[in-house]
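Remarks on the overall topology
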Amino acid sequence: MAVLVTGGAGYIGSHMVLALLDAGHEEVVVLDDLSTGFDWAVPEGVKLVVGDVADQALVTQTILQHRIDALAHFAAKIVVPDSVADPLGYYLANTVKTRSLIEASVRAGVRHVIFSSTAAVYGEPEVTPVPEDLPLKPINPYGRSKLMSEWMIADAAAAHGFSYVILRYFNVAGADPQGRSGQSTPNATHLIKVATQAALGQRARLDVFGTDYPTPDGSCLRDYIQVSDLAEAHRLALDHLRSGGESLTLNCGYGRGYSVLEVVEVVKRISGRDFEVRLCPRRAGDPAQIVAEAARIRARLGWEPRHDDLDAIVGQALAWEEHLEKRNRI
Ligand SMILES: NC(=O)c1ccc[n+]([C@@H]2O[C@H](COP(=O)([O-])OP(=O)(O)OC[C@H]3O[C@@H](n4cnc5c(N)ncnc54)[C@H](O)[C@@H]3O)[C@@H](O)[C@H]2O)c1
Ligand SMILES: O=c1ccn([C@@H]2O[C@H](COP(=O)(O)OP(=O)(O)O[C@H]3O[C@H](CO)[C@H](O)[C@H](O)[C@H]3O)[C@@H](O)[C@H]2O)c(=O)[nH]1
């Protein structure tokens, strides 16, 4: 039995590969086109197949050659504003290519699918924290492209008899505590990444998008989940499916929100560096607050987060930025 991790050279996928290796899992194979991922993010000893998830001949050959029984599908385009500018590109990358991958996988005999979904499927939820069975009203093409994939996977599973776990990530942050991987995409837009870059002087300042939201300090609230905890949720999902567990859709978050201004304060305190913070108008498409109702994943997978600590998450993100800085100087 072996696992195929698409997007395993990227930020979250590379952490799942580490989680599988740390847990002593047998064979792990990565399929990645390296469009935003890095070959060096794939640990030594793990087979990296460079190619597109929509290349059905390559997918079929990889599954048969490595006796893949489970697919963890991370590969996607992930930038919300880009999805607004290029919706057809996002529906192709995230929905059409997922259809192709699932078709080839089912035909080649894959039994289990774990899918990277997003809190963006909820849109601007009227309740907080957000339970999984809330009506889904994504407000941008990125969220819609993922929701269509969720539906496709559920429909195909019912028709073709495979099982799946759909994981809806909230705001993923931090890095491997041992420093083996982290968020490496240049020009990333995620708050904690951008704020740590400002602290290290790589950016002139940090812009806070919106201070007039109906939240305690007027800035947006988000549920920041540490990336290794998230990877562990995938590993548990794999064990659940392989031991005959039923298909599930689960939020991945801690159930607690931090405001943008709170995050900025933590980054300044942990880094010991001050940096300019500019209070700006709202960014289009941002919900005021989105926090996970996080009980179901604990109950169904026995997931116990080990890194639910914003100070530690920011410390890991800073350490990873410093590592990248050194790497780029070489
Ligand atoms: N980062 C977040 O906060 C977040 C939140 C919610 C959901 N997600 C989801 O998690 C998944 C992983 O995101 P990430 O943050 O690690 O992004 P990432 O860009 O670091 O990783 C994506 C990986 O997929 C690869 N890839 C993209 N298109 C491909 C294709 N057609 N064929 C083969 N490989 C391809 C890229 O090269 C990259 O290595 C995505 O599905 C994303 O939608 C991320
Ligand atoms: O330079 C920045 C960057 C972000 N923000 C703010 O910080 C908050 C978090 O923004 P991120 O860009 O870090 O993350 P998002 O909440 O927009 O989106 C993330 O979480 C979503 C679910 O909540 C989806 O999963 C999506 O894929 C993922 O990128 C938002 O209020 C945003 O306006 C700033 O103020 N300044």
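The rules behind the values
Residues numbered from 1 in each chain as written. Chains lettered and ligands numbered in written order. Predicted model: local features only at pLDDT ≥ 70, side-chain atom pairs only at ≥ 80, totals over all residues. Heavy atoms only, no water. UniProt positions renumbered as here; feature names shortened; annotations may be inferred. Helix = DSSP H or I, 4+ residues; strand = E, 2+ residues; numbered from the N terminus. Expected span 1.5 Å × (residues − 1). Buried < 20%, exposed > 50% of the residue type's maximum accessible area, 1.4 Å probe, protein only. Contact = heavy atoms within 4.5 Å. Polar contact = N/O pair within 3.5 Å; in protein donor to acceptor, adjacent residues only side chain to side chain. Right-handed = clockwise from strand over helix to strand, strands pointing away. Pairing = 2+ DSSP bridges. Axes fitted to C-alpha atoms, helices over the stretch in contact; angles between N-to-C directions.

Naming follows an unreviewed UniProt entry, where the protein chain appears as UDP-glucose 4-epimerase of Methylobacterium oryzae. Turning to the protein chain, the UniProt record has this under Sequence similarities (unreviewed entry): "Belongs to the NAD(P)-dependent epimerase/dehydratase family." For the protein chain, the Cofactor (unreviewed entry) comment in UniProt is given as "NAD(+)".

Details of helix 10 (residues 310-329)
With 20 residues, helix 10 extends 29 Å from end C-alpha to end C-alpha; this agrees with the ideal 28 Å at 1.5 Å per step. Those residues of helix 10 that sit buried are Leu310, Ile313, Val314, Gln316, Ala317, Leu318, Trp320, Glu321 and Leu324. Buried positions along helix 10 lie against strand 7 (171-173), helix 6 (191-199), strand 10 (224-226), strand 12 (258-259) and helix 8 (260-271). The opening residue of helix 10, the one whose side-chain oxygen lies 3.0 Å from the backbone nitrogen of aspartate 311, is aspartate 309.

Thoughts on the pairing of strand 6 (residues 163-169)
The buried fraction of strand 6 is high, at seven of seven residues. Because side chains alternate across strand 6, one face comprises the buried residues Ser163, Val165, Leu167 and Tyr169, and the other comprises Tyr164, Ile166 and Arg168, equally buried. Since strand 5 (residues 112-118) and strand 6 lie parallel, the crossover through helix 5 (residues 141-160) that links them has a hand, and here it is right-handed. Bridge count for strand 6 against strand 11 (residues 248-252) is five bridges, and the pairing is parallel. Paired with leucine 167 across the bridge in strand 11 is leucine 250.

Some points on the sheet that holds strand 1 (residues 2-6)
With parallel pairing, seven strands are arranged side by side in an open sheet as 3-2-1-4-5-6-11. Every other strand in the sheet has two partners, leaving strand 3 (47-50) and strand 11 as the edge strands with one partner each. Here the average twist between neighbouring strands, direction ignored, is 20 degrees. Running over the sheet, helix 1 (residues 11-22) touches strand 1, strand 2 (27-32), strand 4 (68-73), strand 5 and strand 6 and is turned about 160 degrees from strand 1. This element, helix 2 (residues 56-66), spans strand 1, strand 2, strand 3 and strand 4 of the sheet and lies at about 170 degrees to strand 2.

Comments concerning the side chain of arginine 235
Looking at where arginine 235 falls in the secondary structure, it is placed in helix 7 (residues 227-242). There is a polar contact of 2.9 Å between the side chain of arginine 235 and the side chain of glutamate 232. Residues within four places of arginine 235 in sequence aside, it is in contact with Met16, Ala19, Leu20, Ala23 and His25.

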